[in-house]
Amino acid sequence: MKKTVLVSGGAGFIGSHVTVELIEAGYEVVVADNFSNCDRTCFEGVKKITGRDDIPFEEMDFCDAEAVDKLFGKYHIDAVIHFAAFKAVGESVAKPLMYYKNNLLSFMNVLEAAQKHGGCNVLFSSSATVYGEPKSVPVTEDTPRQPAMSPYGNTKTMCEDILQDTVKASDGLIKGILLRYFNPIGAHPSALIGELPRGVPNNLVPFITQTAIGKRECLSIFGNDYPTPDGTCQRDYIDIVDLAKAHVFAVTRMIEGKMKEPCEVFNVGTGRPVSVLELVNAFEKVNNLKLNYKFAARRPGDVTAIWADPTKANTEMGWKATRTVEETLKAAWAWEKHIAGK
Ligand code: UFG
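Described in the following lines is the structure provided in the data block. Residues take numbers from 1 onward in each chain, read along the sequence in its written order. This being a predicted model, a pLDDT of at least 70 is required before a residue's local features are given, and a value of 80 or more before pairs of side-chain atoms are given or counted; all residues contribute to the totals for chains, interfaces and linings. To get the side-chain values, all heavy atoms of the structure are used, and hydrogens and water are removed first.

Overview of the overall build of the protein
(1) Moving on: For the purposes of this entry, the term helix denotes a DSSP run of H or I that reaches at least four residues, the term strand denotes a run of E that reaches at least two, and both are numbered from the N terminus. If you tally the helices and strands in the protein, you get 11 helices and 13 strands.
(2) Moving on: Relative to the compact-globule value of 20 Å for 342 residues, the protein shows a C-alpha radius of gyration of 19 Å, a close match.
(3) Moving on: Along the three orthogonal principal directions, the C-alpha set of the protein runs to about 55 × 45 × 40 Å.
(4) Moving on: The 342 residues of the protein split such that 56% are buried.
(5) Moving on: Here a residue-residue contact requires only that any non-hydrogen atoms of the pair lie within 4.5 Å. Long-range pairs, those at least 24 residues apart, make up 80% of the contacts in the protein between residues at least 6 apart in sequence.
(6) Moving on: For this count, His and the chain ends are skipped, Lys and Arg are scored as positive, and Asp and Glu as negative. All charge positions are set by atom: Lys at NZ, Arg at CZ, Asp at CG, Glu at CD. Side chains of the protein give 38 positive and 42 negative charges; the mean places of these two sets differ by 3 Å. Throughout, radius of gyration means the C-alpha value; the globule benchmark is 2.2 Å times the number of residues raised to the power 0.38. Buried residues are those whose accessible area, probed at 1.4 Å on protein chains only, stays under 20% of the maximum for their type, while exposed residues exceed 50% and partly exposed ones sit between those limits.

Printed below as a string of structure tokens:
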């Protein structure tokens, strides 16, 4: 019988790509979302890509404990992947309580319901943000976490701890995996799903594609005086489909009982540092266009350089990022053209 995976926040950017990969790997998926930060386009795209018009869908808010409890009663859930959370760093500084309430409560409701309904495998979507400004790069899973630079980042650190503690106290009922994402970018090669930022994008790649299509006038590169080879910040940009596949490996590892510890942590990155300027140049080259950009002041809170040592995920989970930055930037551009109707 097919195993069932619940994807909270499954209509969003990462959730929709993960849903596709899970279905293609033979899992039954229950998608739950309240569309608070995404529209219905991506879920429709998921149905088209998978040829499945009947994916179980629940429109709900994970802060509603009763609704979460009902959900776990309605389906037999073998694993849950929790994405339902707010994710804008700047907004979290302005509205900390909104972030703490939403991101912590929704996750605690999931864990409580999972426990009440007989236990579950729980995958939490964490972030490289927990490493802060690392003392050395690349970072392994043993690199110490640093105090978070924003309430958003703090919710990631806190949810990691909440899961670790819950697993410890659960007598084997709850097993957990924390995936620490580096910088997910790109879109599905079909161009039917991708990132749909609301308003002005905070993240680099949507800003690049929106500038290229003419929605934004000019990209500001935040800082060119960092102690890096070309003076711009370095990140580990990971293709969204590669990232989504890491979830399939992690879920399978949990369901097949292959975990070595009841709560495991994995970096999900490529191990390849790319600077902002290198990324902009690669985008121009691979898509054969010129981007209007300028150098601007540093953005407060940015770390100079961070990239993953993905050895643990490569060897333990058997997952490895396969796509080149060029392939990913082509897909990002195809998606931008798709949403612009071009
Ligand atoms: N950048 C620009 N111009 C822009 C946008 C970004 O130069 O218009 C630069 C940033 O300064 C940074 C790089 O592009 O050097 C990447 O920026 P993103 O905002 O795309 O990504 P971050 O590395 O800042 O953010 C990631 C995740 C967040 C997480 C954060 C914590 O997307 O979820 O790391 O460091 F909180």
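Let's talk about the site of the ligand
(1) Moving on: Near residues are defined by distance, with any heavy atom within 4 Å of the molecule or strand qualifying the residue. In the vicinity of the ligand there are 18 residues, among which Y152, L204, S220, R235 and D302 approach most closely.
(2) Moving on: Whenever two N or O atoms come within 3.5 Å, that pair is a polar contact, provided that in protein one can donate a hydrogen and the other can accept it, and provided that, for residues adjacent in sequence, both atoms are side-chain atoms. Within the side chain of N183, one N or O atom sits 2.9 Å away from an oxygen atom of the ligand.
(3) Moving on: Between the ligand and R299 there is a distance of 2.9 Å, counted from an oxygen atom to a side-chain nitrogen or oxygen.
(4) Moving on: The method behind every accessible area is Shrake-Rupley, applied with a 1.4 Å probe, and residues are considered shielded solely by the protein chains displayed. For the ligand, whose free accessible area comes to 680 Å², the fraction covered by protein is 87%.
(5) Moving on: Put simply, the parts of the chain that give the shell around the ligand at least two residues each are helix 7 (204-213) and strand 8 (219-222).
(6) Moving on: In terms of residue count, the dominant contributor to the shell around the ligand is strand 8 (four residues).
(7) Moving on: When residues are sorted by character, Ala, Val, Leu, Ile, Met, Phe, Trp, Tyr, Cys and Pro go into the nonpolar class, Asp, Glu, Lys and Arg into the charged class, and all the rest, Gly among them, into the polar class. Its residues assigned to classes, the shell around the ligand shows 10 nonpolar, five polar and three charged.
(8) Moving on: Two domains each donate at least three residues to the shell around the ligand, and these are domain 1 (4-185 + 237-268) and domain 2 (204-235 + 271-339). Domain start and stop points were drawn from an automatic or database domain assignment.

A short note on the packing of aromatic side chains
(1) Moving on: Note on aromatic pairs: the rings of Phe, Tyr and Trp (six-membered ring only in Trp) are paired at centre separations within 6.5 Å, and the planes decide the class, stacked below 30 degrees, edge-to-face beyond 60, tilted for the rest. Across all of its chains, the model carries seven aromatic pairs by this definition.
(2) Moving on: A centroid spacing of 6.1 Å and a plane angle of 80 degrees characterise the contact between Y293 and F295, whose relative ring orientation is edge-to-face.
(3) Moving on: Accessibility expressed as a relative area gives 29% for Y293, which makes it partly exposed.
(4) Moving on: One aromatic cluster in this structure is built from F35, F43 and F57.
(5) Moving on: Lying over the aromatic face of Y226, R298 brings its terminal NZ or CZ to 3.9 Å of the ring centre. Criterion for a charge above a ring: Lys NZ or Arg CZ within 6 Å of the ring centre, and within 35 degrees of the ring normal.

Observations concerning unusual backbone geometry
(1) Moving on: The residue after V137, namely P138, is reached through a cis peptide bond having omega 0 degrees.
(2) Moving on: As for its position among the elements, P138 is in the loop between strand 5 (120-127) and helix 6 (151-169).
(3) Moving on: A positive phi angle, near 55 degrees, is found at F35, a position not held by glycine.
(4) Moving on: The class for F35 is buried, based on a relative accessible area of 11%.
(5) Moving on: Backbone geometry at D171 places phi at a positive 55 degrees, although glycine is not the residue there.

With respect to the side chain of T19
(1) Moving on: Looking at the element boundaries, T19 is found in helix 1 (residues 13-24).
(2) Moving on: The contacts of T19, once residues within four sequence positions are left out, are V7, G10, V29, V31 and V46.

Side note on empty space enclosed by the protein
(1) Moving on: Only protein atoms enter the 1 Å grid, on which a cavity is a set of points fitting a 1.4 Å probe that cannot get out and a pocket is an open set with protein on both sides within 12 Å along at least 5 of 7 lines, lining residues being those with an atom within 4 Å of a point. Grid points are joined across faces, edges and corners, and a volume is the space filled by probe spheres set on the points. Evaluation of the coordinates by the stated rule reveals two cavities of 30 Å³ or more.
(2) Moving on: Approximately 90 Å³ is the volume found for the largest cavity.
(3) Moving on: For the lining of the largest cavity, the elements supplying multiple residues, two or more each, are helix 7 and helix 11 (325-339).
(4) Moving on: Roughly 40 Å³ of volume is contained in the second largest cavity.
(5) Moving on: If you trace the second largest cavity, you find it lined by A85, N103, F124, T155, K156 and C159.
(6) Moving on: In terms of residue count, helix 6 provides more of the lining of the second largest cavity than any other element does, three residues in total.
(7) Moving on: In terms of residue class, the lining of the second largest cavity is built from three nonpolar, two polar and one charged.

Section: the packing of helix 3 (residues 65-74) against helix 5 (residues 96-116)
Each packed pair of helices is defined by two parameters, the angle between the axes and the distance between the axes.
(1) Moving on: Two elements in contact, helix 3 and helix 5, have axes separated by 9 Å at closest approach and are oriented at 40 degrees. Taken as axis vectors, helix 3 and helix 5 run oblique relative to one another. Two packed elements cross with a definite hand, and for helix 3 against helix 5 that hand is right-handed. Taking contact as the criterion, the partners of A65, V68, D69 and F72 in helix 3 are, on helix 5, N109, V110, A113, A114 and K116.
(2) Moving on: Grouping the constituent residues of the contact of helix 3 with helix 5 by class yields six nonpolar, one polar and two charged. Each axis is a line fitted through C-alpha atoms, taken for helices only over the stretch in contact, and angles between the N-to-C directions span 0 to 180 degrees. Roughly parallel means an angle under 35 degrees; roughly antiparallel, over 145; roughly perpendicular, 65 to 115; everything else is oblique. If you view the pair so one helix is near and one far, a crossing is left-handed when the near helix is turned anticlockwise from the far one by less than a right angle, and right-handed when it is turned clockwise.

Digging into helix 9 (residues 276-287)
Every α-helix winds through 3.6 residues per turn, so residues three or four apart in the chain are directed the same way.
(1) Moving on: What a helix is expected to span follows from its residue count: subtract one and scale by 1.5 Å. Taking 1.5 Å of rise per residue, 12 residues should cover 16 Å, and helix 9 covers 17 Å from first to last C-alpha, within 8% of that figure.
(2) Moving on: Turning to helix 9, its buried residues are V276, L277, L279, V280, A282, F283, E284 and N287.
(3) Moving on: Just downstream of helix 9, N288 is the residue with a positive phi angle, here 55 degrees.

Don't take any of this as a statement about function, it's just geometry.
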